[in-house]
Amino acid sequence: MKENFDKCLEMLLHHEGGYVNHPRDPGGETNHGVTRLVWERWVGRPLKDDEMKNLTQADVAPLYRNEYWKRLKGDDLPSGLDFFLFDGGVNSGTSRSAKALQGVINVEQDGGIGPKTLKSLAEHDSKEVLDKMHLKRQYLFGTTILAGVLAVAAPSFAQSDSG
């Protein structure tokens with residue numbers, strides 16, 4: 001819903017956290033959920049040394065609105081689904097998030113939310129759609145997160161086993 005962007009962004013940023021630069025994180029240097037690569041693309045130039053560390057929530061809000069919320073038609077989605085797709089778009093890509101919705105409501109999975117997707121969505125119970133999408137995400141993230149955790153933690157496990 002149109003009036004939900006600020007609240008959805010607040011919830012998203014609460015979970016994304018602040019600055020991190022873990023050497024085993026494939027995303028690399030990140031602040032407020034935005035990777036260095038994404039931020040450099042957004043600002044159109046290479047970053048200076050401490051620029052990522054100094055990003056504020058106000059700095060990243062326009063990126064989130066334009067690159068995720070608007071692409072997923074957040075203003076046109078029912079409350080609840082707007083956050084779910086927004087969060088999914090940030091964490092898995094807007095195309096994957098849109099395709100998940102399209103699969104649940106049985107429209108062509110083209111990765112873009114347009115008039116046909118919105119029309120079909122309006123014909124479905126949004127709570128049912130949200131429940132089905134939640135199940136799909138649990139499966140997707142369960143397998144993806146487990147693989148990521150194992151990739152990051154495996155060297156630590158190997159060291160502790162050899163000691």
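A few points on the structure. Note that this is a predicted model, so its numbers are computed, not measured.

**Here we look at the packing of helix 1 (residues 5–16) against helix 3 (residues 57–69)**
A pair of packed helices is captured by two measures, namely the crossing angle of their axes and the spacing between those axes.
Here comes step 1: One can describe the packing of helix 1 onto helix 3 by two numbers: an axis separation of 11 Å at closest approach and a directional angle of 110°. With respect to helix 3, the element helix 1 is oriented roughly perpendicular. As for the relative orientation of helix 1 and helix 3, their crossing is right-handed in sense. Seen from helix 1, the contacting residues are F5, D6, C8, L9, L12, L13 and E16; seen from helix 3, they are Q57, V60, A61, Y64, R65 and W69.
Here comes step 2: Residue composition of the contact of helix 1 with helix 3, grouped by class: nine nonpolar, one polar and three charged.

**Overview of the nonpolar core**
Here comes step 1: L9, W39, Y64 and F86 are the most contacted members of the largest nonpolar core, which has 19 residues in total.
Here comes step 2: Every element with two or more residues in this core is listed here: helix 1, helix 2 (36–43), helix 3 and helix 4 (81–92).
Here comes step 3: With six residues, helix 3 is the single largest residue contributor to this core.
Here comes step 4: Ignoring sequence-local partners within four residues, the contact set of F86 consists of F5, C8, L9, L12, Y64, Y68, W69 and L72.
Here comes step 5: By size, the runner-up hydrophobic cluster in this structure holds 13 residues, among which are F84, A98, V104 and V129.

**Description of the packing of aromatic side chains**
Here comes step 1: Under the criterion given, the structure shown has five aromatic pairs.
Here comes step 2: Aromatic ring contacts, followed pair by pair, group F5, Y64, Y68, W69 and F86 into a single cluster.

**Topic: helix 1**
Here comes step 1: The terminal C-alpha atoms of helix 1 lie 16 Å apart, and with twelve residues this matches the ideal 16 Å at 1.5 Å per residue to within 8%.
Here comes step 2: Those residues of helix 1 that fall on the buried side of the exposure criterion are F5, C8, L9, L12 and L13. Buried residues of helix 1, seen end-on, are gathered within an arc of 130° and therefore sit on one face of the element. Turned more than 90 degrees away from the buried face of helix 1, the exposed residues are D6, E10, H14 and H15.
Here comes step 3: Next to the buried residues of helix 1 lie helix 3 and helix 4.
Here comes step 4: With its phi angle positive at about 80°, G17 sits one or two positions after the end of helix 1.

Reading guide: rules and limits
Residues numbered from 1 in each chain as written. Predicted model: local features only at pLDDT ≥ 70, side-chain atom pairs only at ≥ 80, totals over all residues. Heavy atoms only, no water. Axes fitted to C-alpha atoms, helices over the stretch in contact; angles between N-to-C directions. Helix = DSSP H or I, 4+ residues; strand = E, 2+ residues; numbered from the N terminus. Parallel < 35°, antiparallel > 145°, perpendicular 65-115°, else oblique. Left-handed = near helix turned anticlockwise from the far one by under 90°. Contact = heavy atoms within 4.5 Å. Nonpolar A, V, L, I, M, F, W, Y, C, P; charged D, E, K, R; others polar. Core = buried A, V, L, I, M, F, W, Y, C linked by side-chain atoms within 4.5 Å. Buried < 20%, exposed > 50% of the residue type's maximum accessible area, 1.4 Å probe, protein only. Phe/Tyr/Trp six-rings, centres within 6.5 Å; stacked < 30°, edge-to-face > 60°. Expected span 1.5 Å × (residues − 1). Arc of directions from axis to C-beta.

Without other data, these values stay purely geometric and don't point to any function.
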